[in-house]
Amino acid sequence: MINTKLILVEGISGSGKSSTAHYLSRQLDKNNIKNRWFHEEEKEHPLFYDRKKPMEPGIDRTEYFIENYPQQWANFAKQIEEYDGVCIIESFLTQFSLIPLIMKSYSEEKIQNFIKQLYLQIEPLNPVIVFNYYNDVKFGLDLNLSRRGKEWENWYLNHVASTPFAKENNLDGYNAALSVMQKLSDNSKEFMNTIPDQVIDIDISSQYWEEFHQRLSDHLSYQRYSENHPVEDYQKYCGIFKHIPSLPSPEEMEEKGIKSEDIPAEILNTVHICNNRLCLDAFWPNLKLIALDDNLFSIEAFHFLVKFNLDDEKVLSFDFNENNPKPFLSSEEHIDEECYRFNKV
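The notes below deal with the structure included here. Keep in mind that what you see is a predicted model, and the values were worked out from it rather than measured. (Residues numbered from 1 in each chain as written. Predicted model: local features only at pLDDT ≥ 70, side-chain atom pairs only at ≥ 80, totals over all residues. Heavy atoms only, no water.)

**Remarks on a nonpolar patch on the surface**
A cluster of nonpolar side chains, namely Ile240, Leu268 and Val345, defines an oily patch on the protein surface of about 300 Å² accessible area. Secondary-structure assignment places Val345 in the segment after strand S13 (339-344). (Patch = residues over 30% accessible without salt bridge, like charges linked within 9 Å, V, L, I, M, F, W, Y side chains within 5 Å. Areas by Shrake-Rupley, 256 points an atom, 1.4 Å probe, with all protein chains shown as cover. Salt bridge = Lys/Arg side-chain N within 4 Å of Asp/Glu carboxyl O. Helix = DSSP H or I, 4+ residues; strand = E, 2+ residues; numbered from the N terminus.)

**Let's talk about the side chain of Asn144**
Within the secondary structure, Asn144 is located in helix H5 (residues 137-161). Polar side-chain contacts of Asn144 include one of 3.3 Å to the side chain of Ser13. Residues contacting Asn144, with those up to four places away along its chain left out, are Ser13, Gly14 and Trp152. (Polar contact = N/O pair within 3.5 Å; in protein donor to acceptor, adjacent residues only side chain to side chain. Contact = heavy atoms within 4.5 Å.)

**Thoughts on the sheet that holds strand S1 (residues 6-10)**
Strand order in the open sheet formed by five strands is S2-S3-S1-S4-S5, and the pairing between neighbours is parallel. With one partner strand each, in any of the chains shown, strand S2 (35-38) and strand S5 (199-203) form the two edges of the open sheet. On average, each strand axis in the sheet is inclined to that of its neighbour by 15°, with strand direction left out of account. By the bridge criterion, five bridges tie strand S4 (residues 128-133) to S5 in an arrangement that is parallel. Directly across from Val130, in S5, lies its bridge partner Ile200. This element, helix H8 (residues 209-220), spans S1, S4 and S5 of the sheet and lies at about 170° to S5. (Pairing = 2+ DSSP bridges. Axes fitted to C-alpha atoms, helices over the stretch in contact; angles between N-to-C directions.)

**Notes on the pattern of salt bridges**
Taken as a whole, this structure holds 10 salt bridges when the rule is applied. With a shortest N-O distance of 2.7 Å, Arg26 and Glu227 are connected by a salt bridge. With Arg26 in helix H1 (residues 17-30) and Glu227 in the loop between H8 and strand S6 (239-243), this pair connects stretches of sequence that are 201 residues apart. Residue class for Glu227 comes out partly exposed when judged on its relative accessible area of 22%. Of the charged contacts in the structure, one is a salt bridge between Arg224 and Glu210, with a shortest N-O distance of 2.7 Å. Highlighted residues: Arg224 in the loop between H8 and S6 and Glu210 in helix H8, separated in sequence by 14 residues. (Buried < 20%, exposed > 50% of the residue type's maximum accessible area, 1.4 Å probe, protein only.)

**Concerning the nonpolar core**
If you look at the biggest cluster of nonpolar residues, it comprises 73 residues, and the most contacted ones within it are Leu24, Tyr69, Ile129 and Tyr156. With 20 residues, the next largest nonpolar core counts Tyr234, Leu278, Leu287 and Leu289 among its residues. (Core = buried A, V, L, I, M, F, W, Y, C linked by side-chain atoms within 4.5 Å.)

**Quick look at unusual backbone geometry**
Despite not being glycine, Asn276 has its phi angle at roughly 65°, a positive value. Even without glycine at this site, Asp312 takes up a positive phi of about 55°. Tracing the sequence through the fold places Asp312 in the loop between strand S11 (305-311) and strand S12 (314-321).

**Quick word on the packing of aromatic side chains**
Inspection of the entire model under this criterion finds 35 aromatic pairs. Taken together, a centroid distance of 5.9 Å and an interplanar angle of 70° make the contact between Tyr49 and Tyr69 edge-to-face. Of this pair, Tyr49 sits in the loop between S2 and helix H2 (61-82) while Tyr69 sits in helix H2, and the two are 20 residues apart along the sequence. Accessibility expressed as a relative area gives 7% for Tyr49, which makes it buried. On the basis of relative accessibility, which here comes to 0%, the residue Tyr69 falls in the buried class. Between Tyr83 and Phe328, the ring centres sit 5.3 Å apart and the planes meet at 65°, which makes this aromatic pair edge-to-face. Residue Tyr83 is located in the loop between H2 and strand S3 (86-90), and its partner Phe328 is located in the loop between S12 and S13; the two are separated by 245 residues in the primary sequence. For Tyr83, a relative accessible area of 8% corresponds to the buried category. (Phe/Tyr/Trp six-rings, centres within 6.5 Å; stacked < 30°, edge-to-face > 60°.)

**Looking at the environment of Asp172**
Its place among the elements puts Asp172 in the loop between helix H6 (164-168) and helix H7 (173-192). Through-space distance from the C-alpha of Asp172 to that of Ser91 is 25 Å; in sequence the pair is 81 residues apart. Within the structure, Asp172 has its side chain in polar contact with the backbone nitrogen of Asn175 (distance 2.8 Å).

**Topic: the sheet that holds S11**
The strand order around the closed barrel built from eight strands is S6-S7-S8-S9-S10-S11-S12-S13, with neighbouring strands paired in antiparallel fashion. Shown here is a sheet whose adjacent strand axes are inclined to one another by a mean of 35°, direction ignored.

**A closer look at the side chain of Ser91**
Along the polypeptide, Ser91 turns up in the loop between S3 and helix H3 (95-103). With a relative accessible area of 2%, Ser91 lands in the buried category. Here Glu40 takes part through its side chain, which lies 3.3 Å from a polar atom of the side chain of Ser91. What Ser91 contacts, discounting residues up to four positions off in sequence, is Val9, Glu10, Lys17, Glu40 and Phe96.

Following this line, the structure appears as structure tokens:
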């Protein structure tokens, strides 16, 4: 393994950042290289910045973010120096950090100066940046929308359509999203070109992930382990599974603004085989399941675990566990998240 304490995985939304980061973490595990993968939506993420926190009147939120966020990166860099392994971060150098500026129509010069300030905080760690990109951003956006399902597509495009950026530029949700992703891609490429020795740039348009994974192992100099599994062994897991959610207490519902009609009477998930992979249709369709142990699987690109429960080789149910890692460098004992039981229909 090359000498680095930090691997960053960047790209536009839907470019396989989480899948790539998760894959790298699994490969380093198999090489007995200690590592910590930070999912972009992980609780207590050290680089998360609350853009909705209360501010004094008259303070421009975006300018405040530009001025103060580099220090958050500097603080995290000090934590990484204390860690005796490799940290894998996804999305935060470009997507999380640049979109607020893009949505406010900041100049390219201002955007480039900001990302350079962030990079300076981590430069002593000899970071490696895996940059997944599409030559055709529209193709990448369309692929992402189709993969995550109609429900997510409707939510995402409605959300983007409601932003000041879309309204000020008279754009619908789709064209606003395309405009933002194009600007994100262009600005990311421009910055990556200034530090070519630190970047593994991968045009993922072909979706040949086996080839991309080989490039990662060649560049980072670790032994690549196969993750192929015999699909015929997984037929027994296939089927429809049902979870009946329990209602929170009235106090919790009031505190979180939850209405009883917001809680579904039942949640149906389907386990099936797609493209020679065991998959789960849950919050997104075709989530890939990766075997960890007998009847235990990880959901690709997430910390979530799925444990199938069997009786005499017959699958009865599975338990869905969020499996959030404990805060970075915390000495506190990790508390497992609540499991959700899905019974086979």
